[in-house]
2 protein chains.
Amino acid sequence: MPLTEFELIERYFRDCGAARSDVIAGIGDDAALVAVPPDTELVVATDTLVAGVHFPEGSPAASIGHRALAVNLSDLAAMGARAAWALLALTIPRAEEAWLAEFAAGLAALARAHRVALVGGDTTRGPLTVTVQLLGTVPPGAALRRCGGRAGDALFVSGTPGDAAAGLALEERRLAAEPLALAYLRERFLRPTPRMALGERLRGHASACIDVSDGLLGDAGKLARASQTGVEISFAAVPVSEPLVRAVGEEQARTLALTGGDDYELLFAVHPEKVSAMLADLPPERWGYTRIGALRAAPGAEVLREGTVMQFSHSGYQHFT
Amino acid sequence: MPLTEFELIERYFRDCGAARSDVIAGIGDDAALVAVPPDTELVVATDTLVAGVHFPEGSPAASIGHRALAVNLSDLAAMGARAAWALLALTIPRAEEAWLAEFAAGLAALARAHRVALVGGDTTRGPLTVTVQLLGTVPPGAALRRCGGRAGDALFVSGTPGDAAAGLALEERRLAAEPLALAYLRERFLRPTPRMALGERLRGHASACIDVSDGLLGDAGKLARASQTGVEISFAAVPVSEPLVRAVGEEQARTLALTGGDDYELLFAVHPEKVSAMLADLPPERWGYTRIGALRAAPGAEVLREGTVMQFSHSGYQHFT
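The shown structure was predicted, so the numbers you read here are calculated from the model rather than taken from an experiment.

(A) Spotlight on the pairing of strand S6 (residues 129-138) of chain B. All names here are of chain B. Most of S6 is tucked away, with ten of its ten residues classed as buried. The two faces of S6 match: Thr129, Thr131, Gln133, Leu135 and Thr137 on one face and Val130, Val132, Leu134, Gly136 and Val138 on the other face are all buried. Of the strand pairs in this sheet, strand S3 (residues 41-50) and S6 are connected by ten bridges, and their pairing is antiparallel. Across the sheet, residue Leu49 finds its bridge partner in S6, namely Val130. For strand S4 (residues 82-92) and S6, the ladder comprises nine bridges, and the chain directions are antiparallel. Opposite Leu88, over in S6, you have Val132 as the bridge partner.

(B) Region of interest: unusual backbone geometry. Although it is not a glycine, A:Arg173 sits at a positive phi angle of roughly 60 degrees. Counting through the fold element by element, A:Arg173 comes out in the loop between helix H4 (163-171) and helix H5 (179-190). Unusually for a residue other than glycine, B:Gln228 sits at a positive phi of about 55 degrees. Relative to the assigned elements, B:Gln228 resides in the loop between helix H7 (216-226) and strand S9 (230-234).

(C) Highlighting the interface of chain B and chain A. Counting residues at the interface gives 54 residues for chain B, matched by 52 residues for chain A. Across the chain B to chain A interface the summed buried area is about 4,400 Å²; carbon plus sulfur atoms make up 59%. Counting every contact that joins chain B to chain A gives six salt bridges. Among the salt bridges present, the one from A:Asp30 reaches B:Arg146, with a minimum N-O distance of 3.3 Å. For the pair chain B and chain A, the interface holds 17 residue pairs in polar contact (both at pLDDT 80 or more).

(D) Seen up close, the sheet that holds strand S13 (residues 308-309) of chain A. Residue and element names in this part refer to chain A. Strand order in the open sheet formed by seven strands is S8-S10-S7-S11-S9-S12-S13, with mixed pairing between adjacent strands. Unpaired on one side and paired on the other, strand S8 (208-212) and S13 mark the two borders of the sheet. With five bridges joining them, strand S7 (residues 154-158) and strand S11 (residues 289-296) adopt antiparallel strand pairing. Looking at the pairing, Ser158 lines up with Tyr289 of S11. Lying over the sheet, helix H7 (residues 216-226) contacts S7, S8, strand S9 (230-234), strand S10 (265-270), S11 and strand S12 (301-305), oriented at roughly 150 degrees with respect to S8.

(E) Highlighting the sheet that holds S3(B). Strand order across the open sheet formed by six strands is S1(A)-S2(A)-S3(B)-S6(B)-S4(B)-S5(B), with mixed pairing between neighbours. Among the strands making up the open sheet, the edge pair consists of strand S1 (23-25) of chain A together with strand S5 (117-125) of chain B. Across this sheet, the average inter-strand angle for adjacent strands is 20 degrees, counted without regard to direction.

(F) Just the relation of the copies chain B and chain A, in detail. Aligned on chain A, chain B shows an RMSD of 0.1 Å; the corresponding rotation is 180 degrees and the shift along the axis is 0.0 Å. Here the transformation between the copies is reduced to the relation of a two-fold axis. Interface residue correspondence from chain B to chain A reaches 85%, placing this contact among same-surface, isologous pairings.

(G) Structural detail: the domain arrangement of chain A. Residues and elements named next belong to chain A. Domain annotation for chain A reports domain 1 (5-138) and domain 2 (154-310). Between the C-alpha centres of domain 1 and domain 2 the distance comes to 26 Å. Tallying the contact residues gives 23 residues for domain 1 and 20 residues for domain 2. Note on domain 1 versus domain 2: buried area summed over both sides is about 1,700 Å², and carbon and sulfur give 60% of it. Seen at the junction of domain 1 and domain 2, the total is two salt bridges. Salt-bridge contacts for Asp262 lead to Arg67; the nearest nitrogen and oxygen are separated by 3.3 Å. Every element with two or more residues in the side of domain 1 that touches domain 2 is listed here: helix H2 (61-78) and strand S4 (82-92). With twelve residues, H2 is the largest single contributor of residues to the side of domain 1 that touches domain 2.

(H) Just the packing of helix H1 (residues 5-13) of chain A against helix H3 (residues 97-113) of chain A, in detail. All names here are of chain A. Where H1 contacts H3, the axes come no closer than 10 Å and their chain directions differ by 45 degrees. In this view, H1 runs oblique relative to H3, as classed from their interaxial angle. Of the two elements, H1 crosses H3, and the hand of that crossing is right-handed. Of the residues in H3, those touching H1 at Leu8, Arg11, Tyr12 and Phe13 are Glu97, Leu100, Ala101, Phe103 and Ala104.

(I) Spotlight on the pattern of salt bridges. Applying the stated rule across the entire model yields 48 salt bridges over all chains. Between A:Arg14 and A:Glu10 there is a salt bridge, with the nearest N and O atoms lying 2.4 Å from each other. A:Arg14 sits in the partly exposed class, given a relative accessible area of 33%. For the salt bridge of B:Arg296 with B:Glu232, the shortest nitrogen-to-oxygen distance reads 3.1 Å. A residue pair is termed long-range when its members are at least 10 positions apart, and B:Arg296 in strand S11 (residues 289-296) and B:Glu232 in strand S9 qualify at 64 residues. Note on B:Arg296: relative accessible area 14%, which makes it buried. Several salt bridges share partner residues, and in doing so they unite A:Asp29, A:Asp30, B:Arg145 and B:Arg146 into one network.

(J) Fine view of H7(B). Taken residue by residue, H7(B) has B:Leu216, B:Leu217, B:Asp219, B:Ala220, B:Gly221, B:Leu223 and B:Ala224 as its buried positions. In the segment just after H7(B), B:Gln228 is the residue with positive phi, at about 55 degrees.

(K) Geometry of the environment of A:Glu97. Residue and element names in this part refer to chain A. Its location among the elements puts Glu97 in helix H3. Here the alpha-carbon distance between Glu97 and Arg11, two residues 86 residues apart in the chain, equals 9.5 Å. Those residues in contact with Glu97, other than ones at most four positions away along the chain, are Leu3, Arg11 and Tyr12. Within polar-contact distance, the side chain of Glu97 engages the side chain of Tyr12 at 2.6 Å.

(L) Structural context of the side chain of B:Thr129. With respect to the element layout, B:Thr129 can be found in strand S6. Of the polar contacts made by the side chain of B:Thr129, one reaches the backbone oxygen of B:Pro127; its length is 2.9 Å. Ignoring any residue separated from it by four or fewer positions in sequence, one finds B:Thr129 in contact with A:Thr91, A:Thr129, B:Thr48, B:Leu49, B:Val50, B:Ala89, B:Leu90 and B:Thr91.

(M) View of the pairing of S4(B). All names here are of chain B. Where burial is concerned, most of S4 is hidden: ten out of the eleven residues are buried. Examined bridge by bridge, S4 and S5 share eight bridges and lie parallel to one another. Within the sheet, the bridge partner assigned to Leu87 lies in S5 and is Gly120. For the crossover that starts at S4, traverses helix H3 (residues 97-113) and ends in the parallel S5, the hand is right-handed.

What counts as what
Residues numbered from 1 in each chain as written. Chains lettered and ligands numbered in written order. Predicted model: local features only at pLDDT ≥ 70, side-chain atom pairs only at ≥ 80, totals over all residues. Heavy atoms only, no water. Buried < 20%, exposed > 50% of the residue type's maximum accessible area, 1.4 Å probe, protein only. Helix = DSSP H or I, 4+ residues; strand = E, 2+ residues; numbered from the N terminus. Pairing = 2+ DSSP bridges. Contact = heavy atoms within 4.5 Å. Buried area = accessible area lost by both parts, 1.4 Å probe. Salt bridge = Lys/Arg side-chain N within 4 Å of Asp/Glu carboxyl O. Polar contact = N/O pair within 3.5 Å; in protein donor to acceptor, adjacent residues only side chain to side chain. Axes fitted to C-alpha atoms, helices over the stretch in contact; angles between N-to-C directions. Least-squares fit on C-alpha atoms with pLDDT ≥ 70 in both. Domains from an automatic or database assignment. Parallel < 35°, antiparallel > 145°, perpendicular 65-115°, else oblique. Left-handed = near helix turned anticlockwise from the far one by under 90°. Right-handed = clockwise from strand over helix to strand, strands pointing away.

Structure, rendered in structure tokens:
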């Protein structure tokens, strides 16, 4: 007998996230009630994953659950916020118990790791679409914005972008790689790591921050435009992982790092006078970030290689073109 | 040339809702930033509308925009909350400008009417699915819950349930009606009225409240279960509109009122000792609500007619097929 919506929620989502004492009423009423700590600003994000668009049809359910939360966590990380409460709007063609159990497990593991309580949501029938809404907090005035950068600010990126794009290509069999590289890159697509701790620690250091979800070069352009600057990135400085280089070669690895997507890394600008304090406070070798360029007065987003401007065919994912 | 996601958001959603001074950062960053007033609890709801499930394919875009917000407003009304900020996760097959303009206009009109700012969202490509997340506030401890009812509490419902179900049947040509009734009933489906003012005013009066979205009888059962009581409804007391009676007859009108759906009315319980104060404070003829029954100790949800228990299935719908 098929599950009712009530049974489905009770069985898979009632205790899905972290337990938090600031949740006054969670799942089961018309809306959730939470106590926002005084002297904070509320930070709210929402992101949708659509089957066949944001992940291949037939992706592992646990990965879909993980990614649906991870992409929203990454948005909060880019604001320097701490995550607290999530809502899940899940549209599924049918209530398949094995799929739901895996999906909920993937979501729950990441939620608990970041102390996020699942406080509500809506479950509907239709084409597989997952929307998570994530709420968190930041001290007043301390949020990292896209618009705070100035010409001359140094530009940094966390992690090794491009891995997820290669992982997706491997998932979709548009690319082949030897087993170790394949396992690593696939994992970077299926289970991205939102940089929550780094985002919080960047408060006071970074002048501007954005999460890299649609491709490093395109997202750098967004940060620069919001800051009313341009941006230059050094091709040679773009960090790439060793498995990615093994899979596609160094040239293609850097290209993928600049134009791929689904990285969920942080791209941030730092005023030149603040760089040394940040490097001391957050040692790059421990926190995993790399200087890749700088904001500049002239508009545009350019990648430089040995003094010449490189041309890229597409600089980020566009949903509608 | 097709719209980019950026252009689409700028053109249709940037100024879609009310302007609010408590929005620190709205659309355009990784997440929105808002200032929650001190000494309030945060109320959060999310509801999804799927094309072909929650509205007929080809529904007017303005109605879809209105309903996507209305169903969430209604959840907040049922908590006694005041709405403040919304996020929109919109999944559309393609960026059709005329459709988007109408959709945004439908959403914006209702948002402005209730002083709701659209602070963020996500626009993705895929099968038409609309998820709104709505945030609001309520004084500490004052939220109306489903679980506060006690045996003996009087039960009230706002408006005239059943209209929207008939309106949907008319939209889908499963039912016919003369022009005036048709126009009224269709409007009740396409543009439901969330009972925001009533919800807020019920604080201190109602012991429990739920919004009627899945059918009055079923939702009364949910309120009763959450309150660990049962519920009895008097068939003769169920309020029905004159256009609904004209369209389907009185018997069928009450059946539809009990088993229909999409009403977005408030169903609320009031302790017997508090009824007269409520009737004085909120005159029913002005506020539009009706006493239809009571909570009782014995579990279950029953409809009584001249002393006997009526049986309902979903046959209310089948009369039209």
